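Residue-level structure breakdown
If you want the building blocks of each chain, they are given just below.
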Amino acid sequence: MACLLPAVLASCSGPEPKDKALEAKVEKLLARMTPEEKIGQMNQVSSYGNIEDMSGIIKKGEVGSILNEVDPQRISALQHVAVEESRLGIPLLIARDVIHGFRTIFPIPLGQAASFDPELVEEGARVAAIEASSVGIRWTFAPMIDIARDPRWGRIAEGCGEDTYLTSVMGAAMVRGFQGHALSDPASIAACPKHFVGYGAAEGGRDYASTFIPERLMRNVYLPPFEAAARAGAATYMVSFNDNDGVPSTGNAFTLRQVLRDEWGFDGFVVTDWASATEMVAHGFAADSKEAALKAVQAGIDMEMVSYSFVRHLPELIAEGKVKQSVIDNAVRNILRIKYRLGLFDHPYPDGQQPSVMYAEAHLAAAKKAAVESAILLKNDKETLPLTGKVKTIAIVGPLADAPYEQLGTWVFDGEKTHTQTPLQAIRETAGDKVQVIYEPGLAYSRDKNGAGIARAAAAAARADVVLAFVGEESILSGEAHCLADLNLVGAQSELIAAVARTGKPVVTVVMAGRPLTIGKEADLSAAVLYNFHPGTMGGPAIADLLFGKEVPSGKTPVTFPKTAGQIPVYYAHHNTGRPATRTETLIDRIPVDAGQTSLGNTSFYLDAGFDPLYPFGYGLSYTTFGYSNIRLSSSALKKDDVLSVLFDLENTGKYTATEIAQLYVQDKVASVARPVKELKRFTRVTLEPGEKKTVAFDLPVSELAFWNINMAKVVEPGEFGLWVAGDSQSGEETVFKVID
Ligand code: BGC
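Residues numbered from 1 in each chain as written. Predicted model: local features only at pLDDT ≥ 70, side-chain atom pairs only at ≥ 80, totals over all residues. Heavy atoms only, no water.

What follows concerns the overall build of the protein chain. Scanning the protein chain for helices and strands turns up 21 helices and 25 strands. In summary, the protein chain has a C-alpha radius of gyration of 27 Å against a globular reference of 27 Å for 741 residues, a match within 12%. Projected onto the principal axes, the alpha-carbon positions of the protein chain cover approximately 75 × 65 × 55 Å. Of all 741 residues assigned to the protein chain, the portion counted as buried reaches 61%. Long-range pairs, those at least 24 residues apart, make up 77% of the contacts in the protein chain between residues at least 6 apart in sequence. (Helix = DSSP H or I, 4+ residues; strand = E, 2+ residues; numbered from the N terminus. Rg over C-alpha atoms; globule rule 2.2 N^0.38 Å. Buried < 20%, exposed > 50% of the residue type's maximum accessible area, 1.4 Å probe, protein only. Contact = heavy atoms within 4.5 Å.)

Structure follows, in C-alpha cells:
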C-alpha cells in the first residue's frame with residue numbers, strides 16, 4: 001500500500017499485520033455463534049432501567065455494546081451478566097462520549113487545537129482515558145476530527161478547526177492518548193474518530209444539513225485527518241449524519257469500503273451515529289427500517305447505535321438472501337477483534353480504583369497547562385497585559401467570570417461543576433490583599449438581556465484601574481444541534497462592554513466561547529482581548545496566571561475569525577479566483593450614487609466587509625515580540641524523493657520569556673487543478689528568553705506536497721512553490737523553490 005501521509009504523522013508501514021493467535025480466537029468464537037448472537041454483537045444499546053431490565057437481552061446475547069453507563073457498580077453488574085450468564089460469555093464494550101475529559105475537563109477540542117501542542121493534547125486524552133477506564137468505560141466517541149470552516153455550526157467546538165494538517169496531527173495525538181501504549185492496558189480506551197465524513201461542511205452551518213463535497217476536495221481536505229487517525233491505530237470509526245451529494249454517510253460504500261478498508265487497510269469496526277441507520281428513512285434513502293439495515297450493512301457498517309434495525313431485520317434479510325452471511329461474519333469479526341485487542345475477555349470488570357484517579361493533582365495540572373496554552377491573545381494595546389503592580393483596584397464584570405458550568409463547554413456529561421475553578425476565585429486568590437477586586441457581573445448569564453445591572457458594573461469600572469470583562473457563550477450555545485445564524489455576543493453583553501468602556505478605564509475583554517465570535521466592535525472598545533474558547537475545569541487559574549503574567553499567552557487561532565457571519569465561509573487555504581482580492585477593498589461608502597454598471601477593476605470581496613477576516617488562521621500575540629529572519633532552504637530545486645530542509649532564525653525581541661508557534665506554509669503555484677493560496681505544512685513551539693535567538697529547522701519531505709490532481713491521483717506535480725515561515729497564515733516573506741522531475 002502506498003504511503004500517503006506525512007512522516008510526522010505515522011510510519012509508512014501501513015496497519016499492523018494481524019495477530020495470528022488473536023485471529024484464531026476470533027474465528028473459533030465466531031464458529032460457535034448462532035446467527036442471532038452474531039447480530040447481537042452488532043447491536044449497541046443505550047443504558048436504561050435497572051440491571052434486571054437489561055439482563056434479559058444481555059443473557060440472550062443480543063447486545064454487543066452499551067453506551068451511556070458510567071456507574072462502575074452497574075457496569076460491573078451488566079458485565080457479570082454478559083460474561084457469566086450469556087451462552088458464550090462475550091464481554092460487553094462500554095462506551096461513552098469522553099470528548100475533552102471525563103471528570104477533569106480540559107479545554108474544548110477547538111481550544112486544545114489553539115495550543116498547536118500535540119504532546120499536550122495526547123496527555124489530555126490520556127488523562128481522560130485513565131479516569132474513564134477506571135469506571136469500566138473502554139470506548140470513547142472521540143476524537144472528532146471534522147474539518148469545520150463555518151463557526152455558525154455548533155459542533156465546530158468539538159473539533160480542531162479549519163485546517164487539515166493541524167487536525168491530522170491533533171487527531172492522531174488524541175488517538176494515541178486514548179489508546180495508550182497498548183489497547184490491552186486496562187487504562188486504555190478505544191478511540192473512535194468521527195464523523196466519517198464531511199459533517200463539518202454542513203450547508204449553512206446548520207447541524208445535520210447536507211454536504212456537497214466533490215471527491216477531490218474530500219480527499220485533499222476532509223479525509224486526511226481520518227487517514228492519520230487510522231495510521232495512529234484508531235480501533236473504531238463513527239459515520240456522520242449528513243448526506244454528501246445525496247448519499248448518507250451511513251450508506252456510503254465508497255467511503256466505508258473503498259477508502260477506509262481497501263485503501264487504508266482498516267481492520268477495526270465502524271459504528272453508526274445515534275440512530276443514523278434508521279434516519280436514512282427520513283433522508284429518503286431507504287423506504288423503511290428494514291431497507292435502512294440492508295443499506296447500512298451493505299455499505300460497511302458493523303455496529304448500529306440504538307436504532308435496532310439490525311436486530312429486527314437482519315435475520316429476515318439473511319433468510320431472503322439479500323444480505324450474505326459473509327457480510328455479517330465480517331462485521332462480527334471486526335467487533336470481536338477489537339474486544340480481544342482491548343483485553344476485555346481477560347479483564348472485563350472495572351478495577352475499582354476510580355476514586356483515587358478522579359481529579360488527581362496531576363490531572364488538574366495537565367488541564368491547567370492545557371487551558372494556559374489554549375488561550376489566544378488577540379489584542380494588547382499599550383501593554384495593558386500583563387497586569388502590573390500599578391493596578392490597585394480591579395473591576396470584574398461579565399456573566400462568565402464566575403460561571404462554573406459555563407466555562408466547561410459542550411459535551412460535558414461527567415465533569416462536575418463543583419470542581420470548576422473560576423476566574424473570579426482565581427483572580428481573588430492571585431490578587432491577595434494587595435489589590436482590591438470589585439465584582440459586579442452586570443448580567444446574570446450570557447443571554448441575559450436585562451441590562452438593569454449594567455449601571456452597577458459601569459460604576460465599579462469607574463472606581464477601578466482596569467476592568468476585566470468576562471463575556472462569551474454559555475456551554476449550551478455550542479455543540480450538537482446548537483448552531484447560530486448570528487455570531488455577535490448574545491444578550492446584552494455588547495452593551496455591557498460599551499458601558500464599562502465609556503468610563504475611559506482600560507478594558508480587558510476575556511472571551512469564553514465554543515466558537516469564534518464576531519467581536520470586532522468589542523475588540524475596538526477594549527485595550528486587550530484574551531480569547532479562551534471554553535477552558536474547562538482549570539480555566540480560572542490558567543486565566544489568572546495569564547492576566548498577571550505568571551504565564552505568557554502562546555495560543556494561535558485554529559480557525560479564521562470572521563468580521564461578520566456574512567463572510568462565512570472564510571478560511572485561509574482557499575483557492576485564488578481569476579480576480580484575487582487585493583485585501584484592501586471596502587467600497588460601500590465610496591461608490592457614487594447613480595454609479596453605472598461595472599465590474600472592471602473589482603476583485604473577489606464584499607462591498608461592506610472587504611476580504612480580510614477579523615483575525616486570520618494561526619494568529620495570536622504574546623507579551624513579547626518575535627522576529628523571523630534569515631530563512632534558507634537546503635536547495636531551491638528538489639526531486640520528488642528529496643527532503644526540503646528549511647532553516648530560519650527566531651528571536652525574542654521583547655521583554656518576556658515566551659513561546660512562539662512558528663508555522664510553515666506552502667503554495668503550489670501552478671498545477672493541474674487550482675491549489676490553495678497557502679497550506680500549513682509544519683509548526684513548532686519554540687520557547688525563548690528575552691533577546692535569545694535560535695535557529696529553527698523544519699524538514700519537509702517533497703512527498704508531502706502531493707495532492708489529488710486532475711486525474712484523481714495523489715501525486716507531486718513538478719513546478720514552482722512558494723514558502724512562508726511566520727507567526728500566522730498572513731505574514732512572512734515569500735521564498736520560492738522548485739520541484740523537478
Ligand atoms: C453524536 C455523536 C455522539 C453520539 C453518542 C450523537 O448524537 O452525533 O457525536 O458520539 O450521539 O452520544
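More follows now that the structure is in view.
Right, let's talk about the site of the ligand for a bit. Around the ligand sit 13 residues, and of these Asp97, Arg155, His195, Asp273 and Glu480 come closest. The side chain of Asp273 places a nitrogen or oxygen atom 2.6 Å from an oxygen atom of the ligand. A total of 310 Å² of accessible area belongs to the ligand in isolation, and the protein chains cover 94% of it. Partitioned by chemical class, the residues of the shell around the ligand number seven nonpolar, one polar and five charged. (Near = heavy atom within 4 Å. Polar contact = N/O pair within 3.5 Å; in protein donor to acceptor, adjacent residues only side chain to side chain. Areas by Shrake-Rupley, 256 points an atom, 1.4 Å probe, with all protein chains shown as cover. Nonpolar A, V, L, I, M, F, W, Y, C, P; charged D, E, K, R; others polar.)

Strand 10 (residues 376–380) sits mainly inside the fold: five of its five residues count as buried. Across four bridges, strand 10 lies against strand 15 (residues 528–531) in antiparallel orientation. Residue pairing across strands places Leu377 opposite Leu530, the latter belonging to strand 15. (Pairing = 2+ DSSP bridges.)

Each aromatic ring pair is characterised by the separation of its centres together with the angle its planes make. Applying the stated rule across the entire model yields 26 aromatic pairs. An angle of 80 degrees between the planes, with centres 4.8 Å apart, marks the rings of Tyr237 and Phe266 as edge-to-face. With Tyr237 in strand 5 (residues 236–238) and Phe266 in the loop between helix 10 (253–263) and strand 8 (269–271), this pair connects stretches of sequence that are 29 residues apart. Here Tyr237 and Phe266 have matching classes, each one buried. Grouping aromatic residues by their ring pairs yields a cluster made of Phe116, Tyr165, Tyr572, Phe617, Tyr665 and Phe683. Residue placement shows Lys678 over the ring face of Trp724; its charged tip is 4.6 Å from the ring centre. (Phe/Tyr/Trp six-rings, centres within 6.5 Å; stacked < 30°, edge-to-face > 60°. Lys NZ or Arg CZ within 6 Å of the ring centre and 35° of its normal.)

To continue, consider helix 16 (residues 361–374). Compared with an ideal rise of 1.5 Å per residue, which puts 14 residues at 20 Å, helix 16 spans 20 Å between its outermost C-alpha atoms and is within 8% of the ideal. Residues of helix 16 that are buried include every one of His363, Leu364, Ala366, Ala367, Ala370, Ala371, Val372, Glu373 and Ser374, and no others. (Expected span 1.5 Å × (residues − 1).)

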